[in-house]
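# Results of the structural survey
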Amino acid sequence: MRYIQKLSMLVSVRESCLLLAPRWEPYTPEFGGFIDVSFTYSVDLWPWSGYLAVSITASKEAAAWEGIAKGQVTLVVESPREEDETEPRYSTIILPIRAKIIPTPPRNKRILWDQYHNLRYPPGYFPRDNLRMKNDPLDWNGDHIHTNFKDMYQHLREKGYFVEVLGSPYTCFDASQYGTLLVVDPEEEYFSEEITKLRRDIDKGLSLIVFADWYNVSVMKKVKFYDENTRQWWMPDTGGSNVPALNELLAPLGMAFSDIVYEGDFKIGEHDMYYASGTSLAKFPADGLVLTETLKNQGFEVMKANMWTATDVPILGLHQVDSGPSAGRVALYGDSNCLDSSHMQKDCFWMLSALLEFTAHDSLPAVLSSLKKVTLPSLYDVPARMEGNHLQRYSKVIEGTLGIPHPRPLPPCPSRQWAKPHPINKSAPITLYQPQKLLSIDLQGPGAAGAPIPYNQRAADLGNMLGGADLSQHRNGIGGVDTDRGDSRIFPGEDGGQLQLVQDRSWFPALAFLGTGLVVLFLLNQYYRARSRPRRRRAHHHAANRQSHQQQQHHHHHQPRKLQQLLVYGPGSMGSRVPGV
């Protein structure tokens, strides 16, 4: 299995830089020789552009070995000189590599995912797989195990399977290394050489699992839409999957899908299933096992806005190819939405495991014991490609001349040129692979652990580390950080050769502890202040006043009133009230 790592580099200059040849340096004491590394990169690094791809795989010598191998990749980036300099600058980047290697898994545990025949929007209009999802009309997720099929991939890994991605035609992989080829929702065409090779590989033991999707020319014309950006009507180039191309691939096996769109709920054993805009089996070998269900004709509903229910719709088929004692097995299912996390309503990961038990281990699981031999009616109308489609504009298999599609030449298989190893007798630091925080670095500050190392001395040490090169006249950096000629916090490493950036951040825990303590003290102060306040008895006081007032009214009601007289003694006594006798 090959692992590809994409790396990002930030170039802090306005002009372009040059990326010199990367160098693979395996650690001899850390079994670095069990790793093969290949580089693909752009020599010119323009601002905000440029790339470096590192392909990593286990060497043939590690086929039965298990452990962790380590090494490093050394890069040198040449950048233009400044106005006051006479020579260009050189920045050295050291990228540590740590790979866990396991013995080669058995063939029946290795699955090959077909990515080459998946197309997506943009640039073409490839419609959604579930016609009910009208608010998301485009199939733009890529149909990759790292995007909308990630949950399915994680399920397979939990079950002990190893999944590899095929990014090239079927003529470019060794079928003897894999147990099952998994084809899910393909939109691409197939080379005639691929069809021939796949049949030959199945005869030699390769198994095939296909999850198709809906296809109907009338429905495709119905789901067209007007794009206000391009001011054009967008017509789908194919359906949810390219059923005509799939039928050409399955024709040597005597199998085919129909162009009828179905939808509905059903059960397989104790598992609830939802068939979301899928197709059905139109042709299948007589000795194969088929599952039939009662579903709604969704294509009729889209076209006529009426409901039509169909019975005995064949949606799942299992077949043991009888071309020889070592021939593989084939499983077909008409809907892929139960594996796609984009619009999934009910997953069918359990069914994928059951199909793999049949294809990879030649065992029919009990949950699929309800399948039976069914003779399908003869297929009269073969699903045809829509006239006037523009699939040739985006296809890797066909091209168009004057609007007439025709096959492209079969592309050559990709090949890797593995980098020459330059072993070094060193071990990786213990803390090298621990996650690090992105911190700002004061390149002009004084050293924290002693006197700063002069620039010339730092460059000489770095040159010795990289094989004796004299870089004293250039600026160098470790880990992608360019250092200046001024004093900086760069000191000798533990092994005496590698330079390390050291920053004192020991006060971070103390600051966090102090802040937490202040918050706790503030909350406790507020709590005790609230408890020390006297309770308000305003409500009780008002109730007592109302009760006293009622008693006084009751007392006056049973006793005669006293006569009150208002006596006025001159102007100064105006308004005085004197109780009467």
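Residues numbered from 1 in each chain as written. Predicted model: local features only at pLDDT ≥ 70, side-chain atom pairs only at ≥ 80, totals over all residues. Heavy atoms only, no water.

Looking at an unreviewed UniProt entry, one finds the protein chain named Membrane-bound transcription factor site-1 protease-like and attributed to Plakobranchus ocellatus.

Quick look at the state of the cysteines now. This structure, assessed with the given rule, holds two disulfides. Each sulfur of the disulfide joining C172 and C413 lies 2.1 Å from the other. Between C172 and C413 the sulfur-sulfur dihedral comes to about -85°; the bridge is accordingly left-handed. Placement of C172 in the loop between strand 10 (162-166) and strand 11 (180-184) and of C413 in the loop between strand 24 (404-407) and helix 7 (455-465) is noted, with a sequence separation of 241 residues between them. A relative accessible area of 24% means that C172 is categorised as partly exposed. A sulfur-sulfur separation of 2.0 Å characterises the disulfide bridge that pairs C338 with C348. On the sign convention where negative means left-handed, the S-S torsion of about 60° between C338 and C348 marks this disulfide as right-handed. (Disulfide = S-S within 2.5 Å. Helix = DSSP H or I, 4+ residues; strand = E, 2+ residues; numbered from the N terminus. Buried < 20%, exposed > 50% of the residue type's maximum accessible area, 1.4 Å probe, protein only.)

By size, the foremost hydrophobic cluster in this structure holds 44 residues, and its most contacted members are Y170, L208, F257 and L332. When residues of this core are traced back to their parent elements, those giving at least two are strand 11, helix 2 (192-203), strand 12 (207-211), helix 3 (217-222), helix 4 (243-250) and strand 21 (329-333). Residue contributions to this core peak at five residues, all from helix 4. Discounting chain neighbours no more than four positions away, the residues touching L208 are L181, V183, L198, I202, L250, R329, V330, A331 and T359. Residues L295, L352, A354 and F358 belong to the second largest nonpolar core, which totals 39 residues. (Core = buried A, V, L, I, M, F, W, Y, C linked by side-chain atoms within 4.5 Å. Contact = heavy atoms within 4.5 Å.)

Here we come to a nonpolar patch on the surface. Where nonpolar side chains cluster on the molecular surface, the patch consists of L514, L518, V520, L521, L524, Y527 and Y528 and spans about 730 Å² of accessible area. Note on placement: L518 falls in helix 8 (residues 507-532). (Patch = residues over 30% accessible without salt bridge, like charges linked within 9 Å, V, L, I, M, F, W, Y side chains within 5 Å. Areas by Shrake-Rupley, 256 points an atom, 1.4 Å probe, with all protein chains shown as cover. Salt bridge = Lys/Arg side-chain N within 4 Å of Asp/Glu carboxyl O.)

This part covers helix 6 (residues 349-361). Across its 13 residues, helix 6 extends 17 Å between first and last C-alpha, which sits within 8% of the 18 Å expected from 1.5 Å per residue. Burial runs high along helix 6: eleven of the 13 residues are buried. Listed as buried for helix 6 are F349, W350, M351, L352, S353, A354, L355, L356, F358, T359 and A360. Two residues or fewer past helix 6, D362 is found with a positive phi of approximately 55°. (Expected span 1.5 Å × (residues − 1).)

The backbone of F31 sits at a positive phi, close to 60°, despite the residue not being glycine. Examined against the element boundaries, F31 turns out to sit in the loop between strand 3 (23-26) and strand 4 (35-41). Although it is not a glycine, D362 sits at a positive phi angle of roughly 55°. In this fold, D362 is placed in the loop between helix 6 and strand 22 (372-373).

Now for helix 1 (residues 150-158). Residues M152, H155 and L156 constitute the buried set of helix 1. The arc enclosing the buried residues of helix 1, seen along the axis, measures out at 100°, which places them on a common side. Residues of helix 1 that are buried make contact with strand 9 (110-114), strand 10, strand 11 and helix 6. One or two positions beyond helix 1, positive phi appears at G160, with a value near 95°. (Arc of directions from axis to C-beta.)

This part is about the pairing of strand 7 (residues 67-79). For strand 7, a buried count of ten out of 13 residues is recorded, marking the element as mostly surrounded by other parts of the structure. Bridging between strand 2 (residues 17-19) and strand 7 involves two bridges; their strand directions are antiparallel. Across the sheet, the residue bridging to L19 is V77, located in strand 7. Looking at chain direction, strand 3 and strand 7 are connected through four bridges and run antiparallel. Paired with W24 across the bridge in strand 7 is V73. Bridge analysis of strand 7 against strand 8 (residues 89-101) gives 13 bridges, and the strand direction is antiparallel. Across the sheet, Q72 pairs through a bridge with P96, a residue of strand 8. (Pairing = 2+ DSSP bridges.)

Glancing now at the packing of aromatic side chains. Aromatic ring pairs: the centre-centre distance and the angle between the two ring planes describe each pair. Taken as a whole and assessed by the stated rule, the structure comprises 13 aromatic pairs. Summarising the aromatic geometry, the rings of Y170 and F173 are spaced 6.3 Å apart at their centres and angled 90° between planes, so their arrangement reads as edge-to-face. Grouping residues by exposure puts Y170 and F173 together as buried. Arranged with centres 5.6 Å apart and planes meeting at 75°, the rings of F300 and W308 form a pair that is edge-to-face. (Phe/Tyr/Trp six-rings, centres within 6.5 Å; stacked < 30°, edge-to-face > 60°.)

With that out of the way, let us pick up the pattern of salt bridges. Close approach of charged atoms allows side chains of opposite charge to pair. Under the counting rule described, the total for this entry stands at 16 salt bridges. R89 is the partner of E85 in a salt bridge, and the nearest nitrogen-oxygen pair spans 3.4 Å. Accessibility classification places E85 together with R89 in one group, the buried group.

Following the sequence through the fold, P285 ends up in the loop between strand 18 (281-283) and strand 19 (289-297). Spatially, the C-alpha atoms of P285 and Q320 are 9.6 Å apart, while their sequence positions differ by 35 residues. P285 has contacts with L253, G254, M255 and H319, leaving out every residue within four places of it along the chain.

Here we take up the side chain of N216. As for its position among the elements, N216 is in the loop between strand 12 and helix 3. Separated by 3.0 Å, the side chain of N216 and the backbone nitrogen of V219 make a polar contact. Apart from residues lying up to four places away in sequence, N216 is in contact with D259 and V261. (Polar contact = N/O pair within 3.5 Å; in protein donor to acceptor, adjacent residues only side chain to side chain.)

What follows concerns the environment of R200. With respect to the secondary-structure elements, R200 resides in helix 2. Residues R200 and A175 lie 25 residues apart in sequence; the distance between their C-alpha atoms is 9.6 Å.

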